[in-house]
Every structure is written in C-alpha cells, then in structure tokens.
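The residues making up each chain are set out below.
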Amino acid sequence: MPHPSLLCVHAHPDDEALWTGGVLARCAELGGRTAVVTCTWAAGTVRSDELAESLQLLGAGSPRLLGYGDRLVADSAPGRAAFCDTPFDEAVGALVSHIREFRPDTVLTYDPLGIYGHPDHVQAHRVTLAAVGAAAYPQLYPGTGKPWRTKLVYLATMPLSIAQVLWPPVMEQSSGPDGPLPGVPDEAVDTTIDVEPWLDLKWQALCAHRSEIARGGAMTMLAGLPEETRRQVLRNEWFMRMPLTTDADSVDALAFDDDNGHTELS
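These remarks concern the structure in this document. These numbers come from a predicted model, not from an experiment.

**A look at the overall build of the protein chain**
Then step 1. Across its full length, the protein chain holds 10 helices and 8 strands.
Then step 2. In terms of C-alpha radius of gyration, the protein chain reaches 17 Å, essentially the compact-globule figure of 18 Å for 266 residues.
Then step 3. Principal-axis analysis of the C-alpha atoms places the extent of the protein chain at approximately 50 × 50 × 30 Å.
Then step 4. Looking at the protein chain as a whole, 53% of its 266 residues qualify as buried.
Then step 5. In the protein chain, the proportion of contacts linking residues at least 24 apart, taken out of those at least 6 apart, comes to 79%.
Then step 6. Of the roughly 11100 Å² of accessible surface on the protein chain, 55% is carried by carbon and sulfur atoms.
Then step 7. Counting 19 positive and 35 negative side-chain charges, the protein chain places the centres of these two groups 7 Å from one another.

Here's what the structure looks like:
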C-alpha cells in the first residue's frame, strides 16, 4: 500500500521544520508525497530561499508560497498585503488551488490558537479549514482545478503539561511576539509522534533558516541550547486528529505503521 499524501500549511518559513519537520521527513522516508504551503514571504526573498533549502532536506518538494506579507517585516512581500489583512475569501481561494493541484489525503495546520497565539498562525488555521472544505465543491472557486475531498486534517498543538514546562523559558529568551500560554488539555492530544530517528534532519532543516537564527528570538534560543536539551525540546510533535470521511483511517499519513514503534497513538 502506498503511503498517504500529506500537505502542511504553515504561516512562515521555518514553521515547517519547527512544528512538523519530523513528520515531513518520516512521511517522505516511508514513500509518501509531501508538500508545504507557506502563507507569508514572497519568492526571491532571503527567507524563501532558506525555505527551499529546508524543504529539500525534509523531502517536501519546492516552496508553495501564497506570497502575502509578514506584518512584522515590511519587505517580506513587496507590494502585497499582510496575510492577516488580506480578504479572507482571497486567501482561501489561493489555498484551494494548491489543495486541488496537490490532492492530499491529509492536510496539516495549526490548532485554533495557532499553537501559541501568533496572529498569522491563527489566520492560517482559519484559512486552511475553510479551504479544505471549499476544495471539495465544484461550485466554489471555479478555475482553480478539479474538486478534491481531503479525508483527514491534523492540527499541530502542544499538551498543556508540556507547555507549562517548555514555554516560559522559551519566552524569557525570545524576542518573538507575546501571546498566551500554548497548550490544549492533554487528553485532547490524540497523536504524539516521537521523531527522534529524524531529529538530526529536522535540526538541519531548522538551521537552513539562517536569517531567522541571526534575527534573535526562539530560533536563536534553540540554537544556543546544549544539544541534549535541544533534542528533548524538539523530539516530539503533537497533533489533534480530525477525520473528514468515513475511510480516514485507511489513509492516515501520521499514524501509518512503519513497524518501528516510533508512533504513539493515545
């Protein structure tokens, strides 16, 4: 049986490696088709080039850029509106075209909090869920490809018990945007992926984002951690599972049995 296909939707370059790098590398190694849509930054920018390097390492193809601006960086997408300022219907239509072109069994994005409250992450969650639904109906967004019905959505998240331990030290050393404490009740996290076998590759993909490490913030903090501490921080990826069709179990891209015992499903 071929491995199911997985499309991740992320807000910024580096999110693909930080939140789903292990899952992307794992799926690609098992023979699955994988791809990433990134909502902000335009082609030809430094960060889009770094994204291309990261995706190549993770086996996730070439960048798929919606090309909207990062509100915090004026030159992220010259002449384009910030992602959060873009008309919702326009952003949904742009993502629908990628879903219909790639035709994924599984789509992965953030939880409703955007994991930690970043406005671009929250908007990516909203746009993704709307696009997944709209992509199935030929009446919606004509001219963006043949309709496609995704079978399963995963929401990247963090158990509250983990967030209470990991997040305060991160924010103390980060210059990133303030936000609420991440996390959902532990019992809401129904898929935990131990990505230890792909952790070195995940870290290489993160290190491809050199400009973000140089900028300061969470990436800089991660780069400065002792290696063993960093491995403990990055070795798990957590998700909430949303089946959309009755046969979702047969195409579960994250829970696909690789016979190595690296997937924990609670």
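**Re the environment of alanine 42**
Then step 1. With respect to the secondary-structure elements, alanine 42 resides in the loop between strand E2 (34–40) and helix H2 (46–58).
Then step 2. The sequence separation of alanine 42 and tyrosine 68 amounts to 26 residues, and the corresponding C-alpha distance is 6.8 Å.
Then step 3. Among residues more than four places away in sequence, those in contact with alanine 42 are Ser48, Leu65, Gly67, Ser76 and Ala77.

**Some words on helix H10 (residues 227–234)**
Then step 1. Every buried residue of H10 is accounted for by Arg230, Arg231 and Leu234. Buried residues of H10 fall within an arc of 100 degrees about the axis and therefore sit on the same side.
Then step 2. Buried residues belonging to H10 abut helix H1 (15–29), helix H7 (199–207), helix H9 (218–224) and strand E7 (236–243).

**Describing the side chain of threonine 40**
Then step 1. On the secondary structure map, threonine 40 appears in strand E2.
Then step 2. The exposure class assigned to threonine 40 is buried, which follows from its relative accessible area of 0%.
Then step 3. At a separation of 2.7 Å, a polar atom in the side chain of threonine 40 contacts the main-chain carbonyl oxygen of alanine 11.
Then step 4. Setting aside anything within four residues of it in sequence, one finds threonine 40 in contact with Ala11, His12, Pro13, Leu65, Tyr68, Gly69, Asp70, Phe83 and Asp120.

**Here's the deal with the pairing of E7**
Then step 1. In this structure, strand E5 (residues 152–157) lies alongside E7, joined through 6 bridges in antiparallel fashion. Among the inter-strand pairings, leucine 155 is bridged to a residue of E7, identified as methionine 240.
Then step 2. Bridge analysis of strand E6 (residues 191–194) against E7 gives 4 bridges, and the strand direction is antiparallel. By the bridge assignment for E7, threonine 192 is matched with tryptophan 238.

**Things to note about the packing of H1 against H2**
Then step 1. In contact at an axis separation of 8 Å, H1 and H2 are set at 35 degrees when each is read in the N-to-C sense. Along its contact with H1, which presents Glu16, Ala17, Gly21, Leu24, Ala25 and Ala28, the element H2 presents Leu51, Ser54, Leu55 and Leu58.
Then step 2. A per-class count over the contact of H1 with H2 returns 7 nonpolar, 2 polar and 1 charged.

**Things to note about unusual backbone geometry**
Then step 1. With a phi close to 70 degrees, isoleucine 115 is a non-glycine residue in the positive phi region.
Then step 2. Inspection of the secondary structure assignment puts isoleucine 115 in helix H4 (residues 114–117).
Then step 3. We note that tyrosine 141 has phi near 55 degrees; this positive angle belongs to a residue other than glycine.
Then step 4. If you trace the backbone, tyrosine 141 turns up in the loop between helix H5 (119–134) and E5.
Then step 5. By relative accessible area, tyrosine 141 is classed as buried at 19%.

**A short note on the environment of glycine 79**
Then step 1. Within the secondary structure layout, glycine 79 lies in the loop between strand E3 (64–68) and helix H3 (88–102).
Then step 2. A relative accessible area of 86% places glycine 79 in the exposed class.
Then step 3. In this structure, the C-alpha to C-alpha distance between glycine 79 and proline 112, residues 33 residues apart in sequence, is 29 Å.

Thresholds applied
- Residue indices follow the written sequence of each chain, beginning from 1 at its first position.
- pLDDT decides what is reported in this predicted model: residues at 70 or higher carry local features, side-chain atom pairs at 80 or more are listed and counted, and totals for whole chains, interfaces and linings draw on all residues regardless.
- Heavy atoms from the whole structure form the basis of all side-chain values; hydrogens and water molecules are not counted.
- Runs of E in the DSSP output that reach at least two residues are strands. Runs of H or I that reach at least four are helices, and both are numbered from the N terminus.
- For a compact globule the rule gives 2.2 Å times the number of residues to the power 0.38, and the radius of gyration it is set against comes from C-alpha atoms.
- Only protein chains enter the area calculation, which uses a 1.4 Å probe; residues under 20% of their type maximum are buried, those over 50% are exposed, and those in between are partly exposed.
- Whether two residues are in contact is decided by their heavy atoms: any pair within 4.5 Å suffices.
- Per-residue accessibility takes into account occlusion by the displayed protein chains alone, with areas from the Shrake-Rupley method and a 1.4 Å probe.
- For the charge count, each Lys or Arg is scored as positive and each Asp or Glu as negative, with His and the chain ends excluded.
- A charged residue contributes its charge at one atom only: NZ of Lys, CZ of Arg, CG of Asp or CD of Glu.
- By definition, the arc is the one covered by directions from the helix axis to the C-beta atoms.
- Any pair of nitrogen or oxygen atoms within 3.5 Å is treated as a polar contact; in protein, a donor-acceptor pairing is required on top of that, and neighbouring residues in sequence qualify only through side-chain atoms on both sides.
- At least two bridges found by DSSP between two strands are what make those strands a pair.
- Between N-to-C directions, angles cover 0 to 180 degrees, with each direction set by a line fitted to C-alpha atoms, over the stretch in contact for helices.
- Think of it as three bins: nonpolar holds Ala, Val, Leu, Ile, Met, Phe, Trp, Tyr, Cys and Pro, charged holds Asp, Glu, Lys and Arg, and polar takes everything else, Gly as well.

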